[in-house]
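What follows is each chain in one-letter form.
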Amino acid sequence: MIEHLTIKEARAGLRQKRFSSLELTQAYLKRIHEHNPRLNAYISINDEEALTQAAAADARIANGEETPVLGVPIAIKDVLSTKGLRTTAGSRILENYVPTWDATSVANLRAAGAVFLGKTNTDEFAMGSSTENSAYGVTRNPHNEACVPGGSSGGSAAAVAANLCVAALGTDTGGSVRQPASYCGVTGLKNTYGRVSRYGLIAYGSSLDSVGVLAKNAEDVALLNSVIAGHDAKDSTSIDSPVPDYAAALQGSVDSVRQLRIGVPKEYFIGGLQPEVEAAVRVGIGVYEQMGASVKEISLPNTQLGLPVYYLIATAEASSNLARFDGVKYGLRVNGDDLIDMYGKTRQAGFGAEVKRRIMLGTYALSAGYYDAYYIRAQKVRTLIKQDFERAFAEVDVIITPVAPTTAFKIGEKAEDPMQMYLSDVFSVTLNLAGNCGISVPCGFDQNQLPIGMQLLGPALGEAQLLALAHAYQVVSSQ
Ligand code: GLN
């Protein structure tokens, strides 16, 4: 079946003219129309334009052109702006918003000849851990449709897992690539802050937001990431350093593990961790040990402060970023008696409950009298968390932890309890506070056949090494 291919396999088939990009794209669109009504991984399906892009890619292939993604059908999380294609951010307030420009990551993919199948479901403005906060309905986990796919890039993770795309873009502010990747059994990379441009990404927490990749394996993540990474003058926080050849970095990866020093932080193996998750991650660490890596216990002492600090900073930044949705500049407008009334009615009708909660929390944390006590304090602790990682990476090359305390939970199980929902991010948010990179790698299943993810954390700009390690694991464990 051509809809089950990896990027590497799809590229090989296209190059050898075993099928065309048009055939491949048509096969995916057919599959999407068959399964999306049930899974709800896509908010918008790009039927017509995808076929045009595929035909254009076929012409470039016929000309002998090569790129890592030429003619390959991919999906894009609906918080990334796509020129001419509706971009909702999972919100009613942007229901009819059609951007006039591409996000830089999207523009890079477009220039490289990728085919855009559509826009994937997300928690509203990427605020959530289950995709239940989308105004367009929940996405179902392909491994068990009664369960959430994780979030907020739940649509992208489910689409990759269910073969409704070859690979997908996601975003990660506090775990939103890694956690859904782990819940859906796919590989998900959170890039170092600034490695991929944020231009055209609808902002949630600007100092935490990053664009990442979800794919079937580390090899595919490497291929897609090589296209989207790089400096961008349109994003002042974008890193101006050359992009390594991520695919080449995978060569000889199994051998490179022999020199590897792995740190296992004791703060990540705590009460509340599902025993099967702990067992599977420890077995995963054992696989590296068998390949010759050395393992030692380390401490990231401020880990437990990650959640409160994250939910202060993320909501503060969100309250400021979301002020732009006022019925004037973008999307929905609900008329009122005067300007202020119009703002209020538009935001009342356009935002969902979780987004409103976060705007209120963030506004409170930034208000006079509380700013020093909450926001400034959180920034100071953020520095301590960053220093924890710096100290750890002086002793070890990579840190391995679970991605999340449990496997996918049932739809509705945590929807009414925001504290429980926030707790599912306990192992993922510290990385965004520090700004480093991380990757979620599938490492087994629990007794209900739900996937488990192992998290590999690296220093800033450590993507090539993380991809090589993830690849080494996937090569060895598939033998
Ligand atoms: N679950 C976290 C939150 O709700 C992270 C979301 C994300 O990374 N976009 O904020």
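This section reports on the structure supplied with the text. (Residues numbered from 1 in each chain as written. Predicted model: local features only at pLDDT ≥ 70, side-chain atom pairs only at ≥ 80, totals over all residues. Heavy atoms only, no water.)

1. Side note on the overall build of the protein chain
When its secondary structure is counted, the protein chain shows 16 helices and 11 strands. Reported as C-alpha extents along the three principal axes, the dimensions of the protein chain are approximately 65 × 55 × 45 Å. Looking at the protein chain as a whole, 61% of its 479 residues qualify as buried. Considering only contacts within the protein chain whose residues lie at least 6 apart along the sequence, 76% involve residues at least 24 apart. About 17,500 Å² of surface is accessible on the protein chain, with carbon and sulfur atoms providing 53% of the total. Across the protein chain, the 42 positively charged side chains and the 48 negatively charged ones have centroids separated by 2 Å. (Helix = DSSP H or I, 4+ residues; strand = E, 2+ residues; numbered from the N terminus. Buried < 20%, exposed > 50% of the residue type's maximum accessible area, 1.4 Å probe, protein only. Contact = heavy atoms within 4.5 Å. Areas by Shrake-Rupley, 256 points an atom, 1.4 Å probe, with all protein chains shown as cover. Lys, Arg positive; Asp, Glu negative; His and termini not counted. Charge placed at Lys NZ, Arg CZ, Asp CG, Glu CD.)

2. Details of the pattern of salt bridges
The full count for this structure, using the stated rule, is 21 salt bridges. The residue Arg258 makes a salt bridge to Asp255 at a minimum N-O spacing of 3.2 Å. A residue is classified by how much of its surface remains accessible, and Arg258, at 53% relative accessible area, is exposed. Between Lys386 and Glu390 there is a salt bridge, with the nearest N and O atoms lying 3.7 Å from each other. Taken as a pair, Lys386 and Glu390 lie in helix H13 (residues 371-395) at a separation of four residues, close to a single helical turn. Residue class for Glu390 comes out partly exposed when judged on its relative accessible area of 47%. (Salt bridge = Lys/Arg side-chain N within 4 Å of Asp/Glu carboxyl O.)

3. Concerning helix H3 (residues 47-62)
The end-to-end C-alpha separation of H3 is 23 Å, in line with the 22 Å expected for 16 residues at 1.5 Å each. Within H3 the residues assigned to the buried category are Ala50, Gln53, Ala54, Ala57, Asp58 and Ile61. Along H3, the residues classed as buried sweep out an arc of 145 degrees about the axis, all on the same side. Set apart from the buried face of H3 by more than 90 degrees, the exposed residues are Glu48, Thr52 and Ala62. (Expected span 1.5 Å × (residues − 1). Arc of directions from axis to C-beta.)

4. What to know about the packing of helix H12 (residues 353-366) against H13
Between two packed helices, the angle of one axis relative to the other and the distance separating the axes together describe the packing. Relative orientation of the contacting elements H12 and H13 amounts to 105 degrees, with a least axis distance of 7 Å. Classified by the angle their axes make, H12 and H13 are roughly perpendicular. Contact residues: H12 offers Tyr364, Ala365 and Leu366, while H13 offers Tyr371, Tyr374 and Tyr375. Classifying every residue of the contact of H12 with H13 gives six nonpolar, no polar and no charged. (Axes fitted to C-alpha atoms, helices over the stretch in contact; angles between N-to-C directions. Parallel < 35°, antiparallel > 145°, perpendicular 65-115°, else oblique. Nonpolar A, V, L, I, M, F, W, Y, C, P; charged D, E, K, R; others polar.)

5. A closer look at the site of the ligand
Around the ligand sit 15 residues, and of these Thr173, Gly174, Ser176, Tyr204 and Tyr310 come closest. A distance of 2.9 Å separates an oxygen atom of the ligand from a polar backbone atom of Gly128. Tyr311 places a polar side-chain atom, nitrogen or oxygen, 3.3 Å from an oxygen atom of the ligand. Protein contacts shield 100% of the accessible area of the ligand, which totals 290 Å² for the unbound molecule. The residue makeup of the shell around the ligand, split by class, is five nonpolar, seven polar and three charged. (Near = heavy atom within 4 Å. Polar contact = N/O pair within 3.5 Å; in protein donor to acceptor, adjacent residues only side chain to side chain.)

6. A word on the nonpolar core
In this structure, Tyr42, Leu109, Phe125, Tyr288, Phe389, Ile399 and Leu456 are the most contacted members of the largest nonpolar core, which totals 143 residues. Contact partners of Leu109, with chain neighbours within four places excluded, come to Val69, Ile74, Ala114, Phe116, Leu169, Leu224, Val227 and Ile228. (Core = buried A, V, L, I, M, F, W, Y, C linked by side-chain atoms within 4.5 Å.)

7. Section: the sheet that holds strand S8 (residues 294-298)
Taken in spatial order, the 11 strands line up as S1-S3-S2-S4-S6-S5-S10-S11-S9-S7-S8 in an open sheet, and their pairing is mixed. In this open sheet, the two strands that pair with only one neighbour each are strand S1 (42-45) and S8. Across this sheet, the average inter-strand angle for adjacent strands is 25 degrees, counted without regard to direction. As defined by bridge partners, strand S5 (residues 187-190) adjoins strand S6 (residues 211-215) across four bridges and the pair is classed as antiparallel. The partner of Leu189 across the bridge, within S6, is Val213. Of the strands in this sheet, strand S7 (261-265), S8, strand S9 (398-402) and strand S11 (451-458) are in contact with H13, which crosses S9 at around 120 degrees. (Pairing = 2+ DSSP bridges.)

Taken by themselves, the reported measurements are silent on function.
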